[in-house]
Amino acid sequence: MTTSLRRTPAMKHGRQARRGATATLLKTTAVALAVVLVSGASVAAWIVYDLASNVSSNAVDITQPDGAGGSAPAVPNIDAFEGGFNMLIVGADNDENQDPNAYGPRDITLNDVNMLLHVSEDHTSAVVVSLPRDLVIAQPTCVDPETDETARAVSAQPLNAAYERGGLACVVGTVSELTGLEIEYAALMSFNAVVEMTNAVGGVPVCLTKPVKDRWSGLDLPAGTTTISGATALAFLRTRHGVGDGSDLSRIASQQQYISSLIRTIKSDDTLTDVTKLYGLAQVAAKHVKLSTSLTNLTRMVAMARTLQTIDLDKLALVQYPVGADPYNVNKVVPDEALAKKLFDAIAADEPFAPDPNVDRNGVQADPDAPVPPPAAAPPATETPDAQPPASAPSNPGADATPAPTPTSNVIEGLSGQTALEQTCSVANR
């Protein structure tokens, strides 16, 4: 029997012992700062000073000698952010404060999670593109802003080698060159940042089709929906052997389930009205997340947060960068250039689009217990039942009438992903 599902390549890449970190959307940071900082008299001035000091002390310069990255617009009014923006969220697998006994010793730092957030010019939609860590691509010349060391351009390196070549600025430059988008803002998160962020939000509900006990990540969860936080949330986000076909692509799909649930949690009335939770999120972001210098202005972050708060869940897409099998290495992937062009042409033009529902995401499936949205209300009638056609109307009205245009689909065929509104379950790897 045939099926309409198009399966992405089952590539078991990234088998080595190192295990990737993950990142939550900087939306968490921005929403927290926005609500806390615009609370007026309810937030003391010393809190603002404390947050600003921590944010500035952790700032990273992402500009490069050729001018790529970090060219932020003027500081906006706190009530609005002018135009769209692009932000890169990077998850690193090494941090000087992390416990080597918990995560294993690491000699270098890899950017194992790379998520590009794009907000449209009119603020009606947004997309988060997850770029696989093992995506083999060309990388530009990079200058590490902390050491001033120069790394020459390379023709074929996995994406997660970019950080070691030149820090966060190099990751930004590499992704910018790959996508053709100017990236003005960036954030770097580590294991500890993920743990503290999930604790501050009060947990995130995730769903599994079957129990998972993964010795590699330490994840041990039952089937069904469980609210996770702290080290358990990190284990869920790191697990690769426990979901799908055991590939990093399956892990990305599972992470998208978590992120969509996180966004729904952040946007819920319970979270947005809980000042204690929101200030906790702001503190975590200020102390555990390294932001680009273009993001250190709190007014700018507040304006960006207010922009993000207005986007409907069904207009926020979470997609995977299109890839195919690397013919030279079964553990790596290469760009699907034709499909990637369709994706980034749509992003650059701010054209609305949706991922292909017929793509087998190889790691998640629709949550059967998710509530079904109510049907759309029927449009109001424009004529009364006894209305008569005009005397000049033809006896066969459809014969000479112009046919109604066929609705144009905004689905990008072959693109893997979901919206933040969709509720999914990670498929256990048994």
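Below or above, wherever it landed, is the structure these notes cover. Worth saying up front: this structure is predicted, and the values here are computed from it rather than measured.

## Remarks on the overall build of the protein
Turning to step 1, where the next piece is worked out: A count of helices and strands for the protein gives 12 helices and 21 strands.
Turning to step 2, where the next piece is worked out: Across the 430 residues of the protein, 53% fall into the buried class.
Turning to step 3, where the next piece is worked out: In the protein, 76% of the contacts between residues at least 6 apart in sequence involve partners at least 24 apart.
Turning to step 4, where the next piece is worked out: Entry remark: accessible area of the protein is about 19,800 Å², with carbon and sulfur atoms responsible for 52%.

## Structural notes on the side chain of Ser260
Turning to step 1, where the next piece is worked out: One can find Ser260 in helix 7 (residues 248-267).
Turning to step 2, where the next piece is worked out: Leave out the neighbours within four places in its chain, and Ser260 touches Leu318, Gln418, Thr419, Ala420 and Glu422.

## Some words on helix 4 (residues 162-179)
Turning to step 1, where the next piece is worked out: If you check helix 4, its first and last C-alpha atoms are just 15 Å apart, much less than what 18 residues at 1.5 Å a residue would give, namely 26 Å.
Turning to step 2, where the next piece is worked out: Taking the largest bend as the criterion, helix 4 deviates by roughly 105 degrees, centred on Leu168.
Turning to step 3, where the next piece is worked out: By the criterion of burial, helix 4 is predominantly enclosed, with 15 of the 18 residues buried.
Turning to step 4, where the next piece is worked out: In the stretch just after helix 4, Gly180 is the one whose phi turns positive, near 80 degrees.

## Side note on the sheet that holds strand 15 (residues 316-320)
Turning to step 1, where the next piece is worked out: Here we have 7 strands laid out as an open sheet, ordered 14-9-2-3-4-15-20, and mixed in their pairing. The open sheet has two edge strands, strand 14 (290-291) and strand 20 (417-419), and neither has a second partner.
Turning to step 2, where the next piece is worked out: As paired strands, strand 15 and strand 20 are joined by 3 bridges and run antiparallel to one another. Counterpart to Val319 in the pairing with strand 20 is Gly417.
Turning to step 3, where the next piece is worked out: Helix 4 contacts strand 2 (85-92), strand 3 (111-119), strand 4 (126-131) and strand 9 (185-189) of the sheet and is inclined by roughly 40 degrees relative to strand 3.

## A word on the state of the cysteines
Turning to step 1, where the next piece is worked out: One pass over the full model with this rule turns up 2 disulfides.
Turning to step 2, where the next piece is worked out: A sulfur-sulfur distance of 2.1 Å marks the disulfide that ties Cys142 to Cys170. An S-S torsion of about 75 degrees defines the bridge between Cys142 and Cys170 as right-handed. Of this pair, Cys142 sits in strand 6 (residues 142-143) while Cys170 sits in helix 4, and the two are 28 residues apart along the sequence.
Turning to step 3, where the next piece is worked out: Shown here is the disulfide that connects Cys207 with Cys425, its sulfur atoms set 1.9 Å apart. Between Cys207 and Cys425 the disulfide shows an S-S torsion of about 75 degrees. By sign, it is right-handed. Here the residue Cys207 occupies a position in strand 10 (residues 204-208), and Cys425 occupies one in strand 21 (residues 424-426), the gap between them amounting to 218 residues.

## Description of the packing of helix 5 (residues 191-201) against helix 6 (residues 230-238)
Turning to step 1, where the next piece is worked out: Taken N-terminus to C-terminus, the directions of helix 5 and helix 6 make an angle of 120 degrees; their axes are 8 Å apart at the nearest point. For the element pair helix 5 / helix 6, the angle class is oblique. The hand of the helix 5/helix 6 crossing is right-handed. Where helix 5 approaches helix 6, its residues Phe191, Val194, Val195, Thr198 and Asn199 are matched on the opposing element by Gly230, Ala231, Ala233, Leu234, Leu237 and Arg238.

## What to know about the pattern of salt bridges
Turning to step 1, where the next piece is worked out: Applying the stated criterion to the full structure yields 6 salt bridges.
Turning to step 2, where the next piece is worked out: A salt bridge links Lys332 to Asp134; the nearest nitrogen and oxygen atoms lie 3.4 Å apart. Placement of Lys332 in the loop between strand 16 (323-325) and strand 17 (333-335) and of Asp134 in the loop between strand 4 and strand 5 (136-139) is noted, with a sequence separation of 198 residues between them. Taken individually, Lys332 and Asp134 each receive the classification buried, so the pair is uniform in this respect.
Turning to step 3, where the next piece is worked out: Connected through shared salt-bridge partners, Asp112, Arg133, Asp134 and Lys332 make up one network.

## Looking at unusual backbone geometry
Turning to step 1, where the next piece is worked out: Located in the positive-phi region is His123, a residue other than glycine, with phi close to 65 degrees.
Turning to step 2, where the next piece is worked out: The residue His123 is located in the loop between strand 3 and strand 4 in this model.
Turning to step 3, where the next piece is worked out: Overall, His123 belongs to the buried group, its relative accessible area being 18%.
Turning to step 4, where the next piece is worked out: At Asp148, a position not held by glycine, the phi torsion is positive, near 65 degrees.
Turning to step 5, where the next piece is worked out: With respect to the helices and strands, the residue Asp148 is situated in the loop between strand 6 and strand 7 (150-151).
Turning to step 6, where the next piece is worked out: On the basis of relative accessibility, which here comes to 60%, the residue Asp148 falls in the exposed class.

The rules we used
- Residues numbered from 1 in each chain as written.
- Predicted model: local features only at pLDDT ≥ 70, side-chain atom pairs only at ≥ 80, totals over all residues.
- Heavy atoms only, no water.
- Helix = DSSP H or I, 4+ residues; strand = E, 2+ residues; numbered from the N terminus.
- Buried < 20%, exposed > 50% of the residue type's maximum accessible area, 1.4 Å probe, protein only.
- Contact = heavy atoms within 4.5 Å.
- Areas by Shrake-Rupley, 256 points an atom, 1.4 Å probe, with all protein chains shown as cover.
- Expected span 1.5 Å × (residues − 1).
- Bend = angle between axes of the 7 residues up to and from the residue.
- Pairing = 2+ DSSP bridges.
- Axes fitted to C-alpha atoms, helices over the stretch in contact; angles between N-to-C directions.
- Disulfide = S-S within 2.5 Å.
- Parallel < 35°, antiparallel > 145°, perpendicular 65-115°, else oblique.
- Left-handed = near helix turned anticlockwise from the far one by under 90°.
- Salt bridge = Lys/Arg side-chain N within 4 Å of Asp/Glu carboxyl O.

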